[in-house]
Amino acid sequence: MTRIDDTFRRLREDGRKAFVAYIMAGDPDAETSLAVMRGMPEAGVDVIELGLPFTDPMADGPTIQRAGQRALAGGQTLTRTLDMVRAFREDDATTPIVLMGYYNPIYSRGVARFLEEATEAGIDGLIVVDLPPEEDDELCIPAQAAGLNFIRLATPTTDDRRLPKVLTNASGFVYYVSITGITGAAEAQAADVAPDVARIKAQTDLPVAVGFGIKTAAAAEAIAGVADGVVVGSAIVERIGRGDPPADVLAFVRELAEGSHRT
Amino acid sequence: MPEDLLNSFMTGPDEHGRFGDFGGRFVSETLMPLILDLEAEYERAKSDPDFWAEMEDLWTHYVGRPSPLYFAPRLTERLGGAKVYLKRDELNHTGAHKINNVLGQILLARRMGKTRIIAETGAGQHGVATATVCARFGLDCVVYMGAHDVERQQPNVFRMRLLGAKVVPVTSGRGTLKDAMNDALRDWVTNVRDTFYCIGTVAGPHPYPAMVRDFQSIIGKEAKEQMQAQEGRLPDTIVAAIGGGSNAMGLFYPFLDDKEVRIIGVEAGGKGVNDKMEHCASLTGGRPGVLHGNRTYLLQDDDGQILEGFSISAGLDYPGIGPEHAWLHDIGRAEYVSITDSEALEAFKLCCETEGIIPALEPCHALAHVMKIAPELPSDHLICMNMCGRGDKDIFTVAKALGVEIDPAA
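An account of the accompanying structure is given in this report. Treat the numbers as computed from the prediction; the structure is a model and nothing was measured.

Remarks on the overall build of chain B
Line of reasoning, step 1. Each helix and strand in chain B was counted, giving 16 helices and 14 strands.
Line of reasoning, step 2. Relative to a compact globule of 410 residues, whose C-alpha radius of gyration would be 22 Å, chain B shows 20 Å and is just as compact.
Line of reasoning, step 3. Across its three principal axes, chain B shows a C-alpha extent of roughly 60 × 55 × 50 Å.
Line of reasoning, step 4. Just so you have it, chain B exposes about 13,800 Å², and 51% of that area is on carbon and sulfur atoms.
Line of reasoning, step 5. The distance from the centre of the 40 positive side-chain charges to the centre of the 57 negative ones in chain B is 3 Å.

Okay, here's the thing in structure tokens:
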């Protein structure tokens, strides 16, 4: 049982939906991003997704691209991102942290060494965008063996024939990418998403969280009505990017959390 | 070389798209079903005589294949050693080898019912080839090109627009080929249903590296037959320039099992393969990593962040290399060397003066290496170098590098 499993079980018992919020580690600098991260649980965030900066984020839109560039320009590295997690864990032993990013920085560190450092730092799960099930031997299987959840992305192009393959080594929760596109693009519609979530839930007991294209508390509420969780990234990162102080960013995060929890 | 372990070097990739440890399918889930569809369609097309008949017809009547294998007498004389042959792929329609592959991919796109074609381009040669074939078949075409490359390759940008393509300048990163490929992938993930991504080199997720190699292999097949016809035997050494490595893979592949043939790939050394990474020599100066769908040698920092390459030649300005080259490098079947910008410029001048051929800056890197090795080799040694592109697009860059001012508007 990871913190992710515990959190979703507790939410289910309470009849609540999960609010998952994304920020980029080190954006715009280590101090600000740690301040936002530390305030997230109190603002209602159930699961923190922490972006690992990468020079070539091929699945991300301009908002997250720029966040990664800001972080890298500020000297963010994998080591500093893990340090940030350790610092967060000093006062929070329960909120799950999912590290989200691309494979090369992890591969470059060495998978075995990375897994050791990540678990020790207090990371609970991984989302690695460019590792489909076809490449499970690379990281998914070693990560599960190390006690981390490997959270799988399912998309509108993942048809019923392919879905079992995507679910095979999935754990923690399933992240349903609500649109074909990059992060922060078109607005997701609950009515479009509902049948896909149902389709996935028919084949797994894992909770299904929906992300990509959710920008407002109202949208979060609508999506929470048809899924087990709501993921918001770009809309939060946008506010960090335009220089909002952590307190203002967290006020927005709270609105989104309230929307997600209203259902 | 572990010859006892391998009966053939031509069996790759395996069912996972791997050449040894290199290659693979490192893409987001949204793209994965498309890549599997593409692989299935390519497997069907490969064994369909009608597909190849249409390719042959277009290669012959539209592209102008076979391209000549030309003995370069004055170049040979000047270098004073090996006999130098040039495989004249710069004489193809659109002026480079790129169209060999584009034709194959566009025919596949048509078979798959795709109506919109996207491509990335560096020097603009692949973009021009894609725009050309799209015009020929009446398909929508969008070309992603780094803003920096749009700047330095204006003639090709204009050509693409004349051919009806939409050219999108990419400003993310440093605005070069790598960034153009990122944006092409972002477009593809957004428009999966009607769009076909026509990749210009032997990189990307499986099946692209194998598929592009197969389409480009016409270069090596022809060169082999032509050398047999002209010299009654195989060449001793074959040489090609490498950015992503498609012209080189096309020349090399049919020779991989001819173990007496020495194979040399030439990377762009920029200002020199140094710690400042002012070069694009992924094999000489990089290490294995994962980018753009495949594992291969990459220019990267200690933290796995991708570095921008540097080269006078926009077509070689890519921080990676095709995975099959990475494998051939590791097993030692091919040698990889690097050539600096200034050496390539010397080769450019020599080729113009001795053979009356204005070469693209990309093959000038291969030629510069020929200039290094030919004088040391005996006069019966046969070198075959791929002249993969012509230099019309580069005259402004070369003029600038040589300190000559020409006004494009004059």
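Having seen it, we continue.
Focus: the overall build of chain A
Line of reasoning, step 1. Along its length, chain A carries twelve helices and nine strands.
Line of reasoning, step 2. If one aligns the C-alpha atoms of chain A with their principal axes, the spans along those axes are about 45 × 40 × 35 Å.
Line of reasoning, step 3. For chain A, restricting intrachain contacts to residue pairs at least 6 apart in sequence, the fraction spanning at least 24 positions comes to 73%.
Line of reasoning, step 4. On chain A, roughly 9,200 Å² of surface is accessible, and the fraction owed to carbon and sulfur atoms is 49%.

Side note on the interface of chain B and chain A
Line of reasoning, step 1. On the side of chain A, 38 residues touch chain B, which itself brings 38 residues to the contact.
Line of reasoning, step 2. For the pair chain B and chain A, the summed buried area comes to about 2,900 Å², and 48% of that belongs to carbon and sulfur atoms.
Line of reasoning, step 3. Three residues stand out in chain B for area buried against chain A, namely E29(B), R186(B) and D303(B), and they jointly supply 24% of the buried area on that side.
Line of reasoning, step 4. R295(B) is the salt-bridge partner of E138(A), the closest N and O atoms lying 2.5 Å from each other.

Notes on the nonpolar core
Grouped burial of nonpolar side chains is what soluble globular proteins tend to show.
Line of reasoning, step 1. Within the largest apolar cluster, 124 residues are counted, with the highest numbers of intra-cluster contacts made by Y175(A), W188(B), Y197(B), L251(B) and F252(B).
Line of reasoning, step 2. In this structure, M37(A), L139(A), C140(A) and A190(A) belong to the second largest nonpolar core, which totals 71 residues.

Digging into the layout of surface pockets
All names here are of chain B.
Line of reasoning, step 1. Space inside the largest pocket adds up to approximately 460 Å³.
Line of reasoning, step 2. Of all the secondary-structure elements, those providing two or more residues to the lining of the largest pocket are α6 (147–152), α7 (154–162) and α16 (395–401).
Line of reasoning, step 3. With five residues, α16 is the single largest residue contributor to the lining of the largest pocket.

Some thoughts on the sheet that holds strand β9 (residues 237–242) of chain B
Two strands in a sheet stick together by hydrogen bonds in their backbones, pointing the same way (parallel) or opposite ways (antiparallel).
Residue and element names in this part refer to chain B.
Line of reasoning, step 1. A sheet is described by the order of its strands in space; here six strands give the open sequence β3-β4-β14-β9-β10-β13, paired in mixed fashion. Strands with a single pairing partner mark the edges of an open sheet, and in this sheet they are β3 (69–71) and β13 (335–340). Recorded for the sheet is a direction-independent mean angle of 30° between the axes of neighbouring strands.
Line of reasoning, step 2. Here β9 pairs with strand β10 (residues 262–270) via six bridges, running parallel. Looking across to β10, one finds that A240 is bridged to G265.

Regarding the packing of aromatic side chains
Residue and element names in this part refer to chain B.
Line of reasoning, step 1. Under the criterion given, the structure shown has 15 aromatic pairs over all chains.
Line of reasoning, step 2. Taking the centre distance of 5.7 Å and the plane angle of 65° together, the rings of W188 and Y197 count as edge-to-face.
Line of reasoning, step 3. Exposure remark for Y197: the relative accessible area of 0% places this residue in the buried category.
Line of reasoning, step 4. Centroid distance Y197 to Y208: 6.3 Å. Interplanar angle 55°. Geometry classified as tilted. Taken together, the residues Y197 in strand β8 (residues 195–197) and Y208 in helix α9 (residues 208–216) connect sequence positions eleven residues apart. Accessibility classification places Y197 together with Y208 in one group, the buried group.
Line of reasoning, step 5. Put simply, the rings of Y42, F51, W52 and F215 touch in pairs and so form one group of aromatic residues.
Line of reasoning, step 6. We note R213 situated over the ring of Y253; from NZ or CZ to the ring centre the distance is 3.9 Å.
Line of reasoning, step 7. Positioned above the aromatic ring of F310 is the side chain of K271, whose terminal nitrogen or guanidinium carbon lies 4.7 Å from the ring centre.

Overview of the pattern of salt bridges
Line of reasoning, step 1. Under the definition given, this model contains 52 salt bridges over all chains.
Line of reasoning, step 2. Taking the shortest distance from any N to any O, the salt bridge between D136(A) and R152(A) comes out at 3.0 Å. Separated by 16 residues along the polypeptide, D136(A) in the loop between β4 (125–128) and α7 (140–145) and R152(A) in strand β6 (residues 152–154) bring together distant segments of the chain.
Line of reasoning, step 3. Assessed through its relative accessible area of 6%, D136(A) is described here as buried.
Line of reasoning, step 4. Residue class for R152(A) comes out buried when judged on its relative accessible area of 2%.
Line of reasoning, step 5. A single salt-bridge network, built from bridges that share partners, covers E135(A), E138(A), R18(B), D21(B) and R295(B).

Considerations on the packing of helix α4 (residues 78–89) of chain A against helix α6 (residues 111–121) of chain A
Residue and element names in this part refer to chain A.
Line of reasoning, step 1. Across the interface, α4 lies against α6 with an axial gap of 8 Å and an inter-helix angle of 25°. Considered as vectors, α4 and α6 are oriented roughly parallel to each other. Contacts from L78, L82, V85, R86 and R89 of α4 reach α6 at F114, E117, A118, E120 and A121.
Line of reasoning, step 2. Of the residues in the contact of α4 with α6, the class split is six nonpolar, no polar and four charged.

Description of the pairing of strand β2 (residues 22–26) of chain B
A regular strand places its side chains so that they alternate between the two faces of the sheet.
All names here are of chain B.
Line of reasoning, step 1. Taken across its five residues, β2 has five buried, putting it largely inside the fold.
Line of reasoning, step 2. Pairing geometry for strand β1 (residues 18–19) and β2, over two bridges, is antiparallel. Looking across to β2, one finds that R18 is bridged to G23.
Line of reasoning, step 3. Taking the residues between adjacent antiparallel strands as the criterion, β1 and β2 are bridged by two residues, where G20 takes a positive phi near 60°.
Line of reasoning, step 4. Across two bridges, the pairing between β2 and strand β12 (residues 293–298) is antiparallel.

Basis of the calculations
- Residues numbered from 1 in each chain as written.
- Chains lettered and ligands numbered in written order.
- Predicted model: local features only at pLDDT ≥ 70, side-chain atom pairs only at ≥ 80, totals over all residues.
- Heavy atoms only, no water.
- Helix = DSSP H or I, 4+ residues; strand = E, 2+ residues; numbered from the N terminus.
- Rg over C-alpha atoms; globule rule 2.2 N^0.38 Å.
- Areas by Shrake-Rupley, 256 points an atom, 1.4 Å probe, with all protein chains shown as cover.
- Lys, Arg positive; Asp, Glu negative; His and termini not counted.
- Charge placed at Lys NZ, Arg CZ, Asp CG, Glu CD.
- Contact = heavy atoms within 4.5 Å.
- Buried area = accessible area lost by both parts, 1.4 Å probe.
- Salt bridge = Lys/Arg side-chain N within 4 Å of Asp/Glu carboxyl O.
- Core = buried A, V, L, I, M, F, W, Y, C linked by side-chain atoms within 4.5 Å.
- Buried < 20%, exposed > 50% of the residue type's maximum accessible area, 1.4 Å probe, protein only.
- 1 Å grid on protein atoms, 1.4 Å probe; cavity = no way out; pocket = protein on both sides within 12 Å on 5 of 7 lines; lining within 4 Å.
- Points joined across faces, edges and corners; volume = space filled by probe spheres on them.
- Pairing = 2+ DSSP bridges.
- Axes fitted to C-alpha atoms, helices over the stretch in contact; angles between N-to-C directions.
- Phe/Tyr/Trp six-rings, centres within 6.5 Å; stacked < 30°, edge-to-face > 60°.
- Lys NZ or Arg CZ within 6 Å of the ring centre and 35° of its normal.
- Parallel < 35°, antiparallel > 145°, perpendicular 65-115°, else oblique.
- Nonpolar A, V, L, I, M, F, W, Y, C, P; charged D, E, K, R; others polar.

Just distances and angles here, no functional claims.
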